[in-house]
Amino acid sequence: MNNNNKTQFQKVLIIGLGQLGLPVAKYVKEKGFDNVYGYDISPKAMERAEKTAGIKLANDFSDFDVYILCVSTHKPDDIFTPQIEGLLSIVDRISKEAKRNRALVSIESTIPRGTSNKVFEMLNHRLHVAHAPHRWYALEEKEHGVNQLRVVGGVCNCCLEAAMQFYGGNSSERVVGDNSSITANNTIITDGNDNENSPITRKSLGVPMHPVSKIETAELSKIAENAHRYLQIAFAEDLYLYCQTNNINFSELRNALNTKWNVEILEPREGIGGHCLPKNTKCFCNHQNL
Ligand SMILES: NC(=O)c1ccc[n+]([C@@H]2O[C@H](COP(=O)([O-])OP(=O)(O)OC[C@H]3O[C@@H](n4cnc5c(N)ncnc54)[C@H](O)[C@@H]3O)[C@@H](O)[C@H]2O)c1
């Protein structure tokens with residue numbers, strides 16, 4: 001599919017309005033998008049998004065320029081095990097209901113390698129497919145919220161270009177289609193295919209992005225980052241337990257170790273908290289199921 005089009009991303013649907021999806025929906029609205037809709041299988045989550053953030057509720061998936069997928073990607077009864085069936089059921093609905101060709105489907109949930117290609121096959125490239133995994137952190141939302149540097153990949157070049165256009169890109173100029181370009185904060189784009197006298201105003205999220213050439217790299221960047229963090233925490237925990245067993249002052253040992261330029265032992269916490277690190281680390285061995 002050629003991205004030689006005049007896509008203006010105006011009507012945005014965020015699917016999954018949980019811990020991550022709700023701040024994403026709020027952010028999109030704050031960036032000046034008037035038509036921000038939300039959908040969740042949980043009526044409670046929908047009600048909360050409507051009441052606390054004025055997010056309009058979507059009854060169907062037919063009429064949108066962008067679909068942002070923030071649904072959970074673990075088994076409903078086991079938060080430590082990855083499962084993408086829920087996400088794929090959403091994509092199935094989008095493939096049947098979406099009316100606008102070349103709309104953007106951006107997966108922000110954490111997914112096993114191969115998921116984006118599967119989504120792409122299901123949509124038959126009628127819509128663009130990108131993956132922009134999140135680095136949002138609940139405990140430090142101000143510093144590490146929605147608007148921080150993120151990796152992004154597209155299944156095809158045109159998918160990546162569409163995603164860069166929507167999110168805001170970090171390059172001073174990127175070509176979209178034959179005659180269009182995106183500026184640094186890409187709010188104004190002049191497209192020679194349009195009425196020559198009128199530049200098109202396109203909104204974007206203004207999120208700095210780090211584009212990668214293959215979508216699998218984007219998928220793996222999130223999983224590997226979490227696995228790395230998992231190992232760092234696990235090592236600190238293990239060392240702490242060793243110190244307790246052997247009557248050694250862990251803090252003193254840690255301080256001593258961290259005097260070396262390339263060593264950074266973490267503080268021990270009470271095990272590895274949350275569901276993200278264990279689940280995402282397991283994504284490494286889950287890809288054969290796709
Ligand atoms: N929370 C974080 O800090 C964080 C950070 C980075 C990435 N992520 C990733 O983002 C994704 C969402 O995480 P979260 O923390 O927001 O989870 P969450 O459980 O808080 O929210 C997920 C929401 O998705 C909804 N949902 C699940 N299946 C659905 C379906 N089939 N259709 C519609 N809605 C559905 C749930 O009802 C829920 O409201 C996960 O893949 C997670 O790994 C989360």
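How each quantity is defined
- Residues numbered from 1 in each chain as written.
- Predicted model: local features only at pLDDT ≥ 70, side-chain atom pairs only at ≥ 80, totals over all residues.
- Heavy atoms only, no water.
- Core = buried A, V, L, I, M, F, W, Y, C linked by side-chain atoms within 4.5 Å.
- Buried < 20%, exposed > 50% of the residue type's maximum accessible area, 1.4 Å probe, protein only.
- Helix = DSSP H or I, 4+ residues; strand = E, 2+ residues; numbered from the N terminus.
- Polar contact = N/O pair within 3.5 Å; in protein donor to acceptor, adjacent residues only side chain to side chain.
- Contact = heavy atoms within 4.5 Å.
- Expected span 1.5 Å × (residues − 1).
- Arc of directions from axis to C-beta.
- Axes fitted to C-alpha atoms, helices over the stretch in contact; angles between N-to-C directions.
- Parallel < 35°, antiparallel > 145°, perpendicular 65-115°, else oblique.
- Left-handed = near helix turned anticlockwise from the far one by under 90°.
- Nonpolar A, V, L, I, M, F, W, Y, C, P; charged D, E, K, R; others polar.
- Pairing = 2+ DSSP bridges.
- Near = heavy atom within 4 Å.
- Areas by Shrake-Rupley, 256 points an atom, 1.4 Å probe, with all protein chains shown as cover.
- Domains from an automatic or database assignment.

Trainee: How would you summarise the nonpolar core if you had to cite specific residues and measurements?
Mentor: Counting residues in hydrophobic clusters, the biggest one holds 63 residues, and the most contacted among them are Ile 14, Ile 15, Tyr 67, Leu 69, Ile 94 and Phe 166. Sorting elements by how many residues they give to this core places helix H5 (residues 157–167) first, with eight residues.

Trainee: Outline the side chain of Ser 62, listing residues and values.
Mentor: Within the secondary structure, Ser 62 is located in the loop between strand E3 (56–57) and strand E4 (66–69). A distance of 2.7 Å separates the side chain of Ser 62 from the side chain of Asp 60, its partner in a polar contact. Aside from chain neighbours lying at most four places away, what touches Ser 62 is Tyr 67, Glu 97, Ala 98, Lys 99 and Arg 100.

Trainee: Give me the lowdown on helix H3 (residues 85–97), citing residues and values where you can.
Mentor: Its 13 residues place the ends of H3 18 Å apart at the C-alpha level, agreeing with the 18 Å of an ideal helix rising 1.5 Å per residue. Among the residues of H3, Leu 87, Leu 88, Ile 90, Val 91 and Ile 94 are the ones counted as buried. When H3 is viewed along its axis, its buried side chains cluster within an angular range of 155° and face the same direction. Tucked inside the fold, the buried residues of H3 contact strand E1 (11–15), strand E2 (35–39), E4, strand E7 (104–107) and helix H4 (115–123).

Trainee: Go over the packing of H3 against H4, please, and point to the residues and values.
Mentor: Where H3 meets H4, the axes come as close as 9 Å, and the angle between the chain directions of the two elements is 25°. Taken as axis vectors, H3 and H4 run roughly parallel relative to one another. Note that H3 runs across H4; the crossing there is right-handed. Taking contact as the criterion, the partners of Leu 87, Leu 88, Val 91, Asp 92, Ile 94 and Ser 95 in H3 are, on H4, Thr 115, Lys 118, Val 119, Met 122 and Leu 123. Per-class residue counts for the contact of H3 with H4 are seven nonpolar, two polar and two charged.

Trainee: Tell me about the environment of Glu 216, residues and numbers included.
Mentor: Locating Glu 216 in the fold gives a position in helix H6 (residues 215–245). For Glu 216, the contacting residues outside a window of four places in its chain are Arg 113 and Asn 117. A polar contact of 3.0 Å, which involves the side chain of Glu 216, links it to the side chain of Asn 117.

Trainee: Tell me about the sheet that holds strand E9 (residues 150–154), and please be specific about residues and values.
Mentor: Pairing is mixed in the open sheet, where eight strands are placed in the order E3-E2-E1-E4-E7-E8-E9-E14. At either end of the open sheet lies a strand with only one pairing partner, and these are E3 and strand E14 (209–211). When E9 meets E14, the two strands line up parallel, connected through three bridges. Within E14, the position partnered with Arg 150 by the bridge is Met 209. Docked against the sheet, H3 engages E1, E2, E4 and E7, running at close to 170° with respect to E4. Packing of H5 onto the sheet brings it into contact with E1, E4, E7, strand E8 (128–131), E9 and E14, and relative to E9 it is tilted by some 145°.

Trainee: Describe the site of the ligand, naming the residues involved and giving the relevant values.
Mentor: The local shell around the ligand holds 23 residues, among which Gln 19, Leu 20, Asp 40, Thr 73 and Lys 279 are the closest. At a separation of 2.8 Å, an oxygen atom of the ligand approaches a polar backbone atom of Leu 20. Thr 73 places a polar side-chain atom, nitrogen or oxygen, 2.6 Å from an oxygen atom of the ligand. Across the complex, the protein chains shield 85% of the 830 Å² of accessible surface that the ligand would expose by itself. For the shell around the ligand, the secondary structure elements donating two or more residues are H3 and helix H8 (276–282). Residue contributions to the shell around the ligand peak at three residues, all from H3. For the shell around the ligand, the per-class residue count stands at nine nonpolar, 11 polar and three charged. In this structure, the shell around the ligand is formed jointly by two domains, domain 1 (11–214) and domain 2 (220–289), each of which donates at least three residues.

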